[in-house]
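As a plain string of letters, each chain reads:
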Amino acid sequence: MDARLPKLSSIVVRRPLTALVVLPIRGYQIVISPLLGPRCRFVPSCSAYAVEAIIRHGVLRGGWLSTRRLLRCHPWHPGGFDPVPPRRTTKSPQRVSATPDEGVAPCRTY
């Protein structure tokens with residue numbers, strides 16, 4: 001897991017819904033995953049990716065990213081390095097309108 005991510009104990013206090021979703025994944029990592037051995041074709045593993053995505057992007061977007069990652073995990077996919085995408089810095093790009101009444105200056109013809 002990325003060293004820049006907060007510890008799970010601080011997540012429980014600040015973001016309880018995130019902690020509720022991350023705890024079963026951590027349980028899988030601690031109890032079940034060692035019994036199965038290293039089987040993931042991606043780096044980081046799918047469970048580590050899910051934890052990082054949920055912590056970094058929140059439950060909805062992180063859950064969506066994790067689901068997409070799990071759907072790519074099959075024998076016909078080559079795998080490899082697949083990091084969690086960085087968090088978006090802006091909400092959405094400004095929409096540009098071409099009509100003059102929405103604040104865009106009309107084109108002049110000479």
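Please read these numbers as outputs of a predicted model, since none were measured by experiment.

**Student:** How do you make sense of the pattern of salt bridges when you look at a structure like this?
**Tutor:** Two side chains carrying opposite charge are able to pair once their charged atoms lie near each other. Considering all chains together, one arrives at three salt bridges under this definition. Residue arginine 56 pairs with glutamate 52 through a salt bridge whose shortest N-O separation is 2.9 Å. Placement of both arginine 56 and glutamate 52 in helix α3 (residues 46-57) is noted, with a separation of four residues, approximately one turn of the helix. On the basis of relative accessible area, glutamate 52 is assigned to the buried category, the value being 9%.

**Student:** Could you clarify how one ought to interpret the packing of helix α2 (residues 16-36) against α3 in this entry?
**Tutor:** Helix-helix packing is characterised by the crossing angle of the two axes and by the distance between the axes. For the pair α2 and α3, the least separation of the axes is 10 Å and the interaxial angle reads 165 degrees. Comparing the axis directions of α2 and α3 gives the class roughly antiparallel. Judged by the sense of rotation from one axis to the other, the crossing of α2 with α3 is left-handed. Here Thr18, Val21, Val22, Ile25, Arg26, Tyr28 and Gln29 of α2 come into contact with α3, specifically with Ser47, Ala48, Ala50, Val51, Ile54 and Ile55. Classifying every residue of the contact of α2 with α3 gives nine nonpolar, three polar and one charged.

**Student:** How should the confidence of the model for the protein chain be read in this particular structure?
**Tutor:** Averaged over the protein chain, the pLDDT score is 80; the fraction of residues at 70 or greater is 69%. The spread of mean pLDDT over the elements of the protein chain runs between helix α1 (residues 8-14), the lowest at 63, and helix α4 (residues 59-72), the highest at 94.

**Student:** Explain the packing of aromatic side chains here, please?
**Tutor:** Two aromatic rings are characterised by how far apart their centres lie and by the angle between their planes. Counted under the stated rule, the structure contains zero aromatic pairs. Over the face of the ring belonging to tyrosine 49 we find arginine 69, whose NZ or CZ atom lies 4.5 Å from the ring centre.

**Student:** Quick question: what am I supposed to make of α3 here?
**Tutor:** Every α-helix carries 3.6 residues per turn, so stepping three or four residues along brings you back to the same face. The end-to-end C-alpha distance of α3 is 16 Å, a good match for the 16 Å that twelve residues give at a rise of 1.5 Å each. Of all twelve residues that make up α3, twelve are buried, and the element is covered over most of its length. At the C-terminal side of α3, glycine 58 shows a positive phi close to 95 degrees.

**Student:** When you look at α2 in this model, what are you seeing that I'm missing?
**Tutor:** Between its first and last C-alpha atoms α2 spans 29 Å; for 21 residues at 1.5 Å apiece the expected length is 30 Å, and the two agree. Glutamine 29 marks where α2 bends most, by close to 40 degrees. For α2, the set of buried residues is Thr18, Ala19, Val22, Ile25 and Gln29.

What counts, and at which threshold
- Throughout this description, residue numbers start from 1 for each chain and increase along the sequence as written.
- Side-chain atom pairs in this predicted model are given and counted only at pLDDT of 80 or more, local residue features only at pLDDT of at least 70, and totals for whole chains, interfaces and linings cover all residues.
- Side-chain numbers here rest on the full set of heavy atoms in the structure, without hydrogens or water.
- Definition used for salt bridges: Asp or Glu carboxyl oxygen within 4 Å of a side-chain nitrogen of Lys or Arg.
- Think of it this way: any DSSP run of H or I at least four residues long counts as a helix, any run of E at least two long counts as a strand, and we number them from the N terminus.
- Whether a residue is buried, partly exposed or exposed follows from its accessible area with a 1.4 Å probe, protein chains only, as a fraction of its type maximum: under 20%, in between, or over 50%, in that order.
- Helix axes use the C-alpha atoms of the stretch in contact, all axes being lines fitted to C-alpha atoms, and the angles between their N-to-C directions lie in the range 0 to 180 degrees.
- Oblique is the label for any angle not under 35 degrees, not over 145, and not in the 65 to 115 range, which are roughly parallel, roughly antiparallel and roughly perpendicular in turn.
- In a left-handed crossing the near helix is turned counterclockwise from the far helix by less than a right angle, and in a right-handed crossing that turn is clockwise.
- We call two residues in contact whenever any of their non-hydrogen atoms come within 4.5 Å of each other.
- Each residue is assigned to one of three groups, with Ala, Val, Leu, Ile, Met, Phe, Trp, Tyr, Cys and Pro labelled nonpolar, Asp, Glu, Lys and Arg labelled charged, and all others, Gly among them, labelled polar.
- Per residue, pLDDT captures the predictor's confidence, and it can take any value from 0 to 100.
- Classification of ring pairs uses Phe, Tyr and Trp, with its six-membered ring standing for Trp, and accepts pairs whose centres are within 6.5 Å; under 30 degrees between planes counts as stacked, over 60 as edge-to-face, and the remaining range as tilted.
- Here, a charge over a ring means that NZ of Lys or CZ of Arg falls within 6 Å of the ring centre while also lying within 35 degrees of the ring normal.
- Each helix should span, by expectation, one fewer than its residue count multiplied by 1.5 Å.
- One fitted axis covers the seven residues ending at a residue, a second covers the seven starting there, and the bend at that residue is the angle between these axes.

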